[in-house]
Amino acid sequence: MYLNKSINNKNLQDMTIKSLVWNSIVEVFKQEKKLDIVPYLVSIQLKGKSIIIKVNKPIIKSEVLLLDDIINQEVQNKFKKVWIKFYDFEIKYSI
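Calculation notes
- Residues numbered from 1 in each chain as written.
- Predicted model: local features only at pLDDT ≥ 70, side-chain atom pairs only at ≥ 80, totals over all residues.
- Heavy atoms only, no water.
- pLDDT = per-residue confidence, 0-100.
- Helix = DSSP H or I, 4+ residues; strand = E, 2+ residues; numbered from the N terminus.
- Axes fitted to C-alpha atoms, helices over the stretch in contact; angles between N-to-C directions.
- Parallel < 35°, antiparallel > 145°, perpendicular 65-115°, else oblique.
- Left-handed = near helix turned anticlockwise from the far one by under 90°.
- Contact = heavy atoms within 4.5 Å.
- Nonpolar A, V, L, I, M, F, W, Y, C, P; charged D, E, K, R; others polar.
- Pairing = 2+ DSSP bridges.
- Buried < 20%, exposed > 50% of the residue type's maximum accessible area, 1.4 Å probe, protein only.

1. Focus on the confidence of the model for the protein chain
Note that predicted coordinates carrying low pLDDT should not be read in detail.
Here comes step 1: The share of residues in the protein chain with pLDDT of 70 or more is 92%, and the mean pLDDT across the chain is 87.
Here comes step 2: Mean pLDDT values for the elements of the protein chain range from 57 in helix α1 (residues 2-8) up to 94 in strand β2 (residues 50-55).

2. Quick word on the packing of helix α2 (residues 10-32) against helix α4 (residues 68-81)
Here comes step 1: Orientation of α2 relative to α4, taken along the N-to-C sense of each, is 135 degrees, at an axis distance of 9 Å. It follows from the interaxial angle that α2 and α4 lie oblique. For the element pair α2 and α4, the recorded crossing hand is right-handed. For the pair formed by α2 and α4, the contact residues are Ile17, Leu20, Val21, Asn23, Ser24, Ile25, Glu27, Val28 and Glu32 on the first element and Ile70, Ile71, Glu74, Val75, Lys78 and Phe79 on the second.
Here comes step 2: Residues of the contact of α2 with α4, tallied by class, amount to nine nonpolar, two polar and four charged.

3. Details of the pairing of strand β1 (residues 41-47)
Here comes step 1: With six bridges joining them, β1 and β2 adopt antiparallel strand pairing. Paired with Leu46 across the bridge in β2 is Ile51.
Here comes step 2: Connecting β1 to the next strand, β2, in antiparallel fashion are two residues, including Gly48 with a positive phi near 65 degrees.

4. Describing the environment of Glu32
Here comes step 1: Relative to the assigned elements, Glu32 resides in helix α2.
Here comes step 2: Judged by relative accessible area, Glu32 falls into the partly exposed class, the value being 43%.
Here comes step 3: Along the sequence, Glu32 and Glu90 sit 58 residues apart, while their C-alpha atoms lie 22 Å from each other.

Okay, structure coming up:
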C-alpha cells in the first residue's frame, strides 16, 4: 500500500501528524463553539511525545484547554484511520 509506505517516511509522518492535529482542532471548534479558529492558530510543533500548539490569544488558549479531551479523542481517531502509531502523546498549548 503506497499510503502506508509514504507515511512511514519520518518527515512525511511528522507533517501528517501536524496536519491531522490542526484539522482536528479546527473541526472541534466548528462543532462545539461554532468558531473558525484558523486565524488564531500560529503553529504546531512535535518534540518527542509532545505536540505543542501555539495560539496568539490567551482567551483562545483557555477555550482550547476546555475542549482538550474532545480534541485528544478526535486526534486519536484520525491517527487510527491512517495507521499512524503515535501513542502516549501529550498536547501542550502555548501563547
